[in-house]
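Given next are the chains, with one letter for each unit.
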Amino acid sequence: MQVVYRRPEALKDAQTHYCPGCTHGIIHRLVAEVIDELGVRERTIGVSPVGCAVFAYEYFNIDGCEAAHGRAPAMATGVKRALPDKIVFTYQGDGDLASIGTNEILHACARGEMLTVIFVNNGVYGMTGGQMAPTTLAGQVTTSSPFGRDIRLQGSPLHITEMLAMMPGVAFAARRSMHSVADIRKTKKAVEQAFQAQIKGLGLGIVEILSSCPTNWGVDPLTAMDWIHEHMVPVYPLGDFKVHEALGR
Ligand SMILES: Cc1ncc(C[n+]2csc(CCOP(=O)(O)OP(=O)(O)O)c2C)c(N)n1
Ligand code: SF4
């Protein structure tokens with residue numbers, strides 16, 4: 001019989017708590033596949049956030065630890081400096097990375113820490129009920145912006161990855177999306193490059209991934225995919241913002 005699906009070794013045989021149609025679970029799988037393919041599972045340490053991915057350490061079959069909200073880059077810095085042979089990554093939502101922990105990621109990039117950052121942008125604070133995040137689109141209705149985000153009052157959406165790409169300590173910075181199979185495959189390639197930046201000692205690698213939150217967007221899972229494509233991608237263009245020449249395309 002032909003095997004069409006096999007769980008990556010870097011994923012535990014665990015049922016996740018994610019909502020139906022949430023792409024956090026697929027992103028976990030991509031990260032796990034990359035860890036397997038790079039042959040680094042035995043020496044990888046993941047740092048979990050305090051968003052919907054709070055239990056990521058329960059799902060990855062690797063060593064892991066849990067950081068306070070936004071503090072994953074600081075914790076990962078300590079782990080990597082103490083254990084430089086380990087491969088260390090953070091997994092963070094936009095509320096975590098682009099709001100409470102903006103300073104943490106900025107300074108980790110300024111220092112050029114040898115880390116991989118998986119930055120999941122679903123435009124809202126998913127876990128706590130869908131409040132406005134720095135990445136919420138102009139006009140977007142959330143539980144804390146019931147009349148739509150007004151950029152005169154609440155500012156414009158933050159383009160974190162473009163900003164971080166400017167920093168010399170960053171070796172790889174890209175944005176991808178989960179709204180189609182083709183895009184999911186491109187996301188995996190970028191995740192791999194973000195790990196390679198660390199493995200090759202080039203600098204920090206970050207991938208921003210446009211992800212769904214059907215529960216808090218109030219749409220069904222399929223509509224959520226269209227929503228990413230129609231509303232998020234025009235505001236958050238996909239592509240590479242920095243690729244160190246030693247990484248190749
Ligand atoms: C220091 C701190 N501040 C606030 C919270 C409450 N909190 C938990 S999850 C969360 C939002 C998470 O949103 P995001 O990072 O976008 O991830 P998502 O749930 O959307 O995947 C907040 C504000 C917390 N746990 N710790
Ligand atoms: S609340 Fe949103 S981000 Fe969190 S698990 Fe559900 S769909 Fe995913």
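Here the structure is shown first, and the text comes after it.
Thresholds applied
Residues numbered from 1 in each chain as written. Chains lettered and ligands numbered in written order. Predicted model: local features only at pLDDT ≥ 70, side-chain atom pairs only at ≥ 80, totals over all residues. Heavy atoms only, no water. Pairing = 2+ DSSP bridges. Helix = DSSP H or I, 4+ residues; strand = E, 2+ residues; numbered from the N terminus. Axes fitted to C-alpha atoms, helices over the stretch in contact; angles between N-to-C directions. Contact = heavy atoms within 4.5 Å. Near = heavy atom within 4 Å. Nonpolar A, V, L, I, M, F, W, Y, C, P; charged D, E, K, R; others polar. 1 Å grid on protein atoms, 1.4 Å probe; cavity = no way out; pocket = protein on both sides within 12 Å on 5 of 7 lines; lining within 4 Å. Points joined across faces, edges and corners; volume = space filled by probe spheres on them. Polar contact = N/O pair within 3.5 Å; in protein donor to acceptor, adjacent residues only side chain to side chain. Areas by Shrake-Rupley, 256 points an atom, 1.4 Å probe, with all protein chains shown as cover. Sits in = over half its atoms within 2 Å of the grid points.

(A) Structural detail: the sheet that holds strand E3 (residues 87-93). Here we have seven strands laid out as an open sheet, ordered E2-E1-E3-E4-E8-E7-E9, and mixed in their pairing. Edge positions in the sheet fall to strand E2 (63-66) and strand E9 (239-243), since each of these pairs with one other strand and no more. The average angle at which neighbouring strand axes cross in this sheet is 15°, direction not considered. Pairing of strand E4 (residues 116-121) with strand E8 (residues 204-210) involves six bridges; the strand directions are parallel. Bridge pairing links Phe-119 to Glu-208 in E8. Contacting strand E1 (44-48), E2 and E3, helix H3 (residues 72-82) runs over the sheet at an angle of about 175° to E3.

(B) Region of interest: the site of ligand 2. What surrounds ligand 2 is the set Tyr-18, Cys-19, Cys-22, His-24, Cys-52, Asn-122, Gly-126, Cys-213, Pro-214, Thr-215 and Asn-216. Here the shell around ligand 2 takes three residues from helix H9 (residues 214-217), the largest share from any one element. Partitioned by chemical class, the residues of the shell around ligand 2 number six nonpolar, five polar and no charged.

(C) Region of the structure containing the layout of surface pockets. When its volume is computed, the largest pocket comes out at roughly 210 Å³. Lining the largest pocket are 20 residues, and of these Gly-51, Cys-52, Tyr-125, Gly-126 and Met-127 sit closest to its centre. Per-element accounting of the lining of the largest pocket gives the leading share, four residues, to helix H4 (residues 94-100). In terms of residue class, the lining of the largest pocket is made up of nine nonpolar, nine polar and two charged.

(D) Quick look at the site of ligand 1. Taken together, 16 residues form the shell around ligand 1, and within it Val-50, Cys-52, Gly-95, Asp-96 and Gly-126 come nearest. Between an oxygen atom of ligand 1 and a main-chain N or O atom of Val-124, the distance comes to 3.0 Å. Residue Met-127 places a main-chain N or O atom 2.9 Å away from an oxygen atom belonging to ligand 1. Protein chains shield 76% of the accessible area of ligand 1, which is 600 Å² for the free molecule. Cavity membership is defined here by more than half of the atoms lying within 2 Å of grid points; on that basis ligand 1 lies in the largest pocket. Contributing elements (two or more residues each) for the shell around ligand 1: H4 and strand E5 (124-125). Counting residues per element, the shell around ligand 1 draws most heavily on H4, which supplies four residues. Per-class residue counts for the shell around ligand 1 are six nonpolar, eight polar and two charged.

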